[in-house]
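# Close look at the chain arrangement
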Amino acid sequence: DAGVIQSPRHEVTEMGQEVTLRCKPISGHDYLFWYRQTMMRGLELLIYFNNNVPIDDSGMPEDRFSAKMPNASFSTLKIQPSEPRDSAVYFCASNINSYNEQFFGPGTRLTVL
Amino acid sequence: AQSVTQPDIHITVSEGASLELRCNYSYGATPYLFWYVQSPGQGLQLLLKYFSGDTLVQGIKGFEAEFKRSQSSFNLRKPSVHWSDAAEYFCAVGAGSNYKLTFGKGTLLTVNP
């Protein structure tokens with residue numbers, strides 16, 4: 001298996017632009033997690049899905065952030081409009097159930113100028 | 001809500017020396033505990049996990065961790081560190097049925113030759 005795939009690996013954009021991050025979980029995994037990592041706040045869970053349904057989005061910082069999972073093999077995290085404080089590394093992770101190991105993707109490094 | 005504290009932001013050890021990374025958690029009942037490692041530019045990889053049973057847990061790459069309920073700790077150890085162990089290490093706790101993990105801020109390990 002190729003593991004969790006994220007694209008793009010790096011994104012540089014200007015404040016006010018829309019940003020879309022993409023994730024393909026490991027085939028057969030039914031949980032998908034989106035995290036954000038910054039120096040100040042560490043690794044934060046933004047939202048997670050079970051069987052394509054959002055279960056908990058309490059970590060989403062504000063309405064500018066949205067996430068979708070239209071099918072079992074694809075999820076997006078969208079920021080509109082983007083702001084410099086959104087600069088971070090965004091990770092996607094998946095697992096097969098509950099508290100088993102979460103497999104992380106390589107992350108997308110987002111820079112908002 | 002659960003929380004995790006990693007008291008050491010940065011640790012430097014010599015190659016071949018022993019290593020102990022500290023992790024303290026806060027949760028009212030028995031938590032699920034994890035150690036992950038992150039190499040530069042990479043996602044997180046699971047080293048080991050504790051769910052129940054034997055409080056001394058063996059993981060990959062020669063790491064082990066011990067769950068001590070009385071101290072609310074789950075410290076990571078390795079008897080002899082290799083240069084390739086240089087990375088950032090994260091302790092995480094999961095609790096209840098919401099399957100969310102709460103991560104510590106991480107400990108950066110530097111290995112001197």
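Attention in this report is confined to the structure presented alongside it.

The rules behind these values
Residues numbered from 1 in each chain as written. Chains lettered and ligands numbered in written order. Predicted model: local features only at pLDDT ≥ 70, side-chain atom pairs only at ≥ 80, totals over all residues. Heavy atoms only, no water. Helix = DSSP H or I, 4+ residues; strand = E, 2+ residues; numbered from the N terminus. Polar contact = N/O pair within 3.5 Å; in protein donor to acceptor, adjacent residues only side chain to side chain. Contact = heavy atoms within 4.5 Å. Phe/Tyr/Trp six-rings, centres within 6.5 Å; stacked < 30°, edge-to-face > 60°. Buried < 20%, exposed > 50% of the residue type's maximum accessible area, 1.4 Å probe, protein only. Buried area = accessible area lost by both parts, 1.4 Å probe. Salt bridge = Lys/Arg side-chain N within 4 Å of Asp/Glu carboxyl O. Nonpolar A, V, L, I, M, F, W, Y, C, P; charged D, E, K, R; others polar. Pairing = 2+ DSSP bridges. Axes fitted to C-alpha atoms, helices over the stretch in contact; angles between N-to-C directions.

## Here we look at the side chain of B:Gln38
Residue placement: B:Gln38 occurs in strand 5 (residues 32–38). At 3.1 Å, the side chain of B:Gln38 forms a polar contact with the side chain of A:Gln37. Once you skip the residues sitting within four places of it in the chain, B:Gln38 turns out to touch A:Gln37, A:Phe91, B:Gly43, B:Leu44, B:Ala87, B:Glu88 and B:Phe90.

## Here's the deal with the packing of aromatic side chains
Using the criterion set out here, one finds 17 aromatic pairs over all chains in the structure. Here B:Tyr36 and B:Phe103 contribute two aromatic rings whose centre-to-centre distance is 5.7 Å and whose plane-to-plane angle is 55°, an arrangement assigned as tilted. One end of the pair, B:Tyr36, is in strand 5; the other, B:Phe103, is in strand 11 (residues 101–103), and 67 residues separate them in sequence. A relative accessible area of 8% places B:Phe103 in the buried class. Members of the aromatic cluster, joined through ring pairs, are A:Tyr31, A:Phe33, A:Tyr35, A:Tyr48, A:Phe91, A:Phe104, B:Tyr32, B:Phe34, B:Tyr36, B:Phe51 and B:Phe103.

## Overview of the interface of chain B and chain A
Facing 21 residues of chain B, the contacting portion of chain A comprises 22 residues. Summed over both sides, the interface of chain B with chain A buries roughly 1,800 Å², with 58% coming from carbon and sulfur. When residues of chain B are sorted by the area they lose upon contact with chain A, B:Leu44, B:Tyr99 and B:Lys100 head the list and together hold 33% of the total. Between chain B and chain A we count 0 salt bridges in total. The greatest single-element share of the side of chain B that touches chain A, amounting to 4 residues, is contributed by strand 5 of chain B. Of the residues contributing to the side of chain B that touches chain A, the split by class is 11 nonpolar, 7 polar and 3 charged.

## Section: the sheet that holds strand 3 (residues 19–24) of chain A
Residues and elements named next belong to chain A. The strand order across the open sheet built from 4 strands is 1-3-8-7, with neighbouring strands paired in antiparallel fashion. Both outer strands of the open sheet, strand 1 (5–7) and strand 7 (65–71), are each paired with one neighbouring strand and no more. Here the strands of the sheet are splayed against their neighbours by 15° on average, with no regard to which way each runs. With 5 bridges connecting them, strand 7 and strand 8 (residues 74–79) associate as antiparallel partners. Across the sheet, the residue bridging to serine 66 is lysine 78, located in strand 8.

## Topic: unusual backbone geometry
Omega for the peptide link from A:Ser7 to A:Pro8 comes to -10°, which places this bond in the cis form. If you trace the backbone, A:Pro8 turns up in the loop between strand 1 and strand 2 (10–13). In this structure, A:Asn52 takes a positive phi of about 75° despite not being glycine. Note that A:Asn52 resides in the loop between strand 5 (42–50) and strand 6 (53–56). You will see that B:Ser72, though not glycine, has its phi angle at about 50°, which is positive.

## Digging into the pattern of salt bridges
Applying the stated criterion to the full structure yields 12 salt bridges over all chains. One salt bridge in this structure joins A:Arg85 and A:Glu62, with 3.2 Å as the shortest N-O distance. Here A:Glu62 lies in the loop between strand 6 and strand 7 and A:Arg85 lies in the loop between strand 8 and strand 9 (88–95), a separation of 23 residues in the sequence. Here A:Arg85 falls in the exposed class, since its relative accessible area comes to 55%. Residue class for A:Glu62 comes out partly exposed when judged on its relative accessible area of 26%. With its nearest N and O atoms 3.3 Å apart, the salt bridge here joins B:Glu66 to B:Arg77. Taken together, the residues span a long stretch of sequence, with B:Glu66 in strand 8 (residues 64–68) and B:Arg77 in strand 9 (residues 73–78) at a distance of 11 residues. On the basis of relative accessibility, which here comes to 24%, the residue B:Glu66 falls in the partly exposed class. Put simply, A:Glu62, A:Arg64, A:Glu83, A:Arg85 and A:Asp86 are held in one network by salt bridges that share partners.

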